[in-house]
Amino acid sequence: MKASPKTTQRIAKVLIWSSAVLVIVILLAIIFYILIKGIPQINWQFLTEIPRNMGRSGGISSTIVGTLLLTLVAVIIATPFGIGTAFYLTEYTREGRITRIIRFSAESLAGIPSIVYGLFGYIFFVTYLHLGGSVLSGGLTLAIMILPTIIRTSEESIRAVPRLYREVCFSLGGTKWQTITRAVFPSALPGIANGIILSIGRCVAETAAVILTAGSALRMPGSLLSPTRTMAVHFYILAREGISMEKAFGTAALLIILIFLINVVFNMLVNRYVAKGR
C-alpha cells in the first residue's frame, strides 16, 4: 500500500529532525565530557608555566604561544592569496580553461590528507629550504592546507553579492577596484570571514602536519625559526603515550575554549565592520 504524501512528509520530517538532534546531542556530549574532565585542571599555573617532566607537571604556556604563532603565520599568508584568487575568478576573468584549472587545483588540494601536506612541508620547507622544524615551516605548510577553504568560501560569498551593486557603482563612475573594495568586498565579508574562521579551526586542531614541520619542542619559541609544540600536538602526545590524562583533558578543554573565543571575537569584529560600512 502506497503511503500518502502527508504521511511521507511526516516521516521525512521526523527523520530529518531526529538526525539533527542526534548530531547536536553527540557534539554536546563530547564537549561537555571534555570540559567536565578538563576545566578543573585549568588554573593560573597551568596557563603561565611551560611543561615540565615531558608534560607531567607544569603548564602549557609554550604550547599556547606556539598554537597562536602557527595559526597567525598561516592565516596571514593564506588569506591574501585566497581572497585574491577568489576575486580573480569572479571579477577579473571569464569562465574558461584557466578558471577550471584553478578550481580543479583548489578542490584537489582540499582533498589531500594532512599527513601528505606534512611530508611535503618536511621535504620542501624543512629540508630543501633549510628552515628546519620551526614555526615558519609549520605556518607555511598550514597556509597551503587552508588555502582551498578560503578560496572556495570567498568565491561563493563574492558570487552571492547582487549584480546590482556592481552596476550602481559603475554607473556612478567607479572603477573596477573601487567597485570591489567599496561595494563587493563589504557585502561579501561575512561569508569570507566564515571561511577564515573555519581555516583557523583547522590550523588550531592540526597535528600530523605540524609534528613533521614545526616539531614538538616544549620550550617557549623565541622566533619564527624556533621549533614549537601546539596544543593539539601536546594533547595528542600526552594521551597517546599515557603521560598524563589529567593534563591532556585540561589541554583539550582549553583548546575548545580558545576556538570558541576566537570565533566569537572574530564574528564581533566582522559584524562591527559591516555595521560601520552601512
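The present account deals with the structure reproduced in this document. (Residues numbered from 1 in each chain as written. Predicted model: local features only at pLDDT ≥ 70, side-chain atom pairs only at ≥ 80, totals over all residues. Heavy atoms only, no water.)

Another aspect to go through is the overall build of the chain. Regarding its fold elements, the chain presents 11 helices and two strands. On the principal axes, the C-alpha backbone points of the chain span a range of 65 × 65 × 40 Å. The buried share among the 278 residues of the chain stands at 39%. When contacts within the chain are restricted to residue pairs at least 6 apart in sequence, long-range pairs at least 24 apart make up 72% of them. (Helix = DSSP H or I, 4+ residues; strand = E, 2+ residues; numbered from the N terminus. Buried < 20%, exposed > 50% of the residue type's maximum accessible area, 1.4 Å probe, protein only. Contact = heavy atoms within 4.5 Å.)

Within the chain, N53 stands out as a residue other than glycine whose phi angle is a positive 55°. If you trace the backbone, N53 turns up in the loop between β1 (51-52) and β2 (57-58). Unlike most non-glycine residues, M54 shows phi in positive territory, near 65°.

This part is about the packing of aromatic side chains. Enumeration over the complete set of coordinates arrives at six aromatic pairs. Centroid distance F120 to F124: 5.6 Å. Interplanar angle 10°. Geometry classified as stacked. One end of the pair is F120 and the other is F124, both in helix α5 (residues 114-128) and four residues apart, which spans about a single turn. What makes F120 partly exposed here is its relative accessible area of 40%. An aromatic cluster is built from F120, F124, F125 and Y128, whose rings are joined through pairwise contacts. (Phe/Tyr/Trp six-rings, centres within 6.5 Å; stacked < 30°, edge-to-face > 60°.)

Following the sequence through the fold, R159 ends up in helix α6 (residues 135-159). Classification of R159 as partly exposed rests on a relative accessible area of 42%. Counting along the chain gives 73 residues from R159 to A232, while the straight-line C-alpha distance between them is 35 Å. Contact partners of R159, with chain neighbours within four places excluded, come to L89, T90, E95 and R103. At 3.2 Å, the side chain of R159 forms a polar contact with the side chain of E95. (Polar contact = N/O pair within 3.5 Å; in protein donor to acceptor, adjacent residues only side chain to side chain.)

So, on to the nonpolar core. By size, the foremost hydrophobic cluster in this structure holds 41 residues, and its most contacted members are L142, I146 and M231. Looking at this core, the elements that each hand over two or more residues are α3 (61-92), α6, α8 (176-205), α9 (208-214), α10 (231-241) and α11 (245-277). With nine residues, the single largest contributor to this core is α3. Residues within four places of L142 in sequence aside, it is in contact with L70, A74, C203, E206 and V210. (Core = buried A, V, L, I, M, F, W, Y, C linked by side-chain atoms within 4.5 Å.)

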